Amino acid sequence: MTERPNILVVCGRNKKRSRTAEHIFKNDNRFNIRSAGLSPKSDRKISENDLNWADLVFVMETGHRSKIRGLYRHLELPTIEVLNIADDYEFMDDELIEILTDRINDTLRIVYNI
């Protein structure tokens, strides 16, 4: 594990949830972060390079994890944590920021002690 883990946050189209996570944590010096989407219509579509770069992947829904595992079964995938956040929010929604902050920080505290 590097000193600063690389964290990839994934949602459906990389428009709301994962982009919000990247935005709120982009200046956090505990880790590096980037976001991507699973849909071909994503602003930034997930790639093998993203998964090879990542030490930890956060997805919003269980189905996202299944899709990544299916599409990239030939790769040695990093740990994929499901945040269980429905697609009910707009980009930078206050409630979404609060949920993302709590769940990502809780997981980082438990998994990485940071």
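Figured I'd write up the structure that's included with this text. (Residues numbered from 1 in each chain as written. Predicted model: local features only at pLDDT ≥ 70, side-chain atom pairs only at ≥ 80, totals over all residues. Heavy atoms only, no water.)

What about the overall build of the protein chain?
Defined as follows: Think of it this way: any DSSP run of H or I at least four residues long counts as a helix, any run of E at least two long counts as a strand, and we number them from the N terminus. In this setup the radius of gyration rests on C-alpha atoms only. A globule is expected at 2.2 Å times the number of residues raised to 0.38. Throughout this description, buried means an accessible area under 20% of the type-specific maximum (1.4 Å probe, protein chains only), exposed means over 50%, and partly exposed covers the range between. Any pair of residues with heavy atoms lying within 4.5 Å of one another is described as a contacting pair. Within this scheme the basic residues Lys and Arg register as positive and the acidic residues Asp and Glu register as negative, but His and the chain ends are omitted. In plain terms, the charge of a residue is placed at NZ if it is Lys, CZ if Arg, CG if Asp and CD if Glu.
A count of helical and extended segments in the protein chain gives 4 helices and 4 strands. Put simply, the protein chain runs from its N terminus to its C terminus through helices and strands in the order β-α-β-α-β-α-β-α. The globule rule puts the C-alpha radius of gyration for 114 residues at 13 Å, and the 13 Å found for the protein chain is close to it. C-alpha extents for the protein chain along the principal axes are approximately 35 × 35 × 20 Å. Buried residues in the protein chain amount to 44% of all 114 residues. Here the contacts in the protein chain between residues at least 6 apart in sequence split such that 65% fall between residues at least 24 apart. Side-chain charges of the protein chain comprise 18 positive and 19 negative groups, with the mean position of each set lying 6 Å from the other.

Brief notes about the packing of helix H1 (residues 17–25) against helix H4 (residues 94–112)
What counts, and what does not: With axes taken as lines fitted to C-alpha atoms, and helix axes fitted only over the stretch in contact, angles between N-to-C directions fall between 0 and 180 degrees. In these notes the angle categories are as follows: under 35 degrees is roughly parallel, over 145 is roughly antiparallel, 65 to 115 is roughly perpendicular, and the rest is oblique. Classification used: nonpolar for Ala, Val, Leu, Ile, Met, Phe, Trp, Tyr, Cys and Pro, charged for Asp, Glu, Lys and Arg, polar for all others including Gly.
The contact between H1 and H4 brings their axes to 10 Å, and the two run at 70 degrees. In terms of their interaxial angle, H1 and H4 are classed as roughly perpendicular. Residues Arg17, Thr20, Ala21, Ile24 and Phe25 of H1 lie in contact with H4, whose contacting residues are Leu96, Ile97, Leu100, Thr101, Ile104 and Asn105. Of the residues that constitute the contact of H1 with H4, the class distribution is 7 nonpolar, 3 polar and 1 charged.

Examining the sheet that holds strand E4 (residues 79–82)
Put simply, the rule is: The pairing criterion for strands is at least two bridges between them, as found by DSSP.
Taken in spatial order, the 4 strands line up as E2-E1-E3-E4 in an open sheet, and their pairing is parallel. Both outer strands of the open sheet, strand E2 (32–37) and E4, are each paired with one neighbouring strand and no more. Here the strands of the sheet are splayed against their neighbours by 25 degrees on average, with no regard to which way each runs. Taken strand by strand, helix H3 (residues 62–71) contacts strand E1 (6–11), strand E3 (56–59) and E4, and its axis lies near 160 degrees from that of E4.

Section: the side chain of Asn105
Note on placement: Asn105 falls in helix H4. Excluding its chain neighbours within four sequence positions, the residues that come into contact with Asn105 are Phe25, Arg30 and Leu100.

Some remarks on the pairing of E3
Which entries qualify depends on this criterion: Convention used here: a crossover is right-handed provided that the path from the first strand, over the helix, to the second strand proceeds clockwise when the strands point away from the viewer.
Every second residue of E3 is oriented toward a common face, with Leu56 and Phe58 on one face and Val57 and Val59 on the other, all of them buried. Here 4 bridges tie E1 to E3, and the two strands are oriented parallel to one another. Bridge assignment links Leu8 to a residue of E3, and that residue is Val57. Two strands pair when backbone bridges link them, and E3 and E4 are joined in this way by 4 bridges, in the parallel orientation. Bridge pairing in E4 places Phe58 opposite Glu81. In this region the chain leaves E3, passes through H3 and returns to the parallel neighbour E4; the handedness of that crossover is right-handed.

Everything listed here is a matter of coordinates, which is why it stays silent on function.
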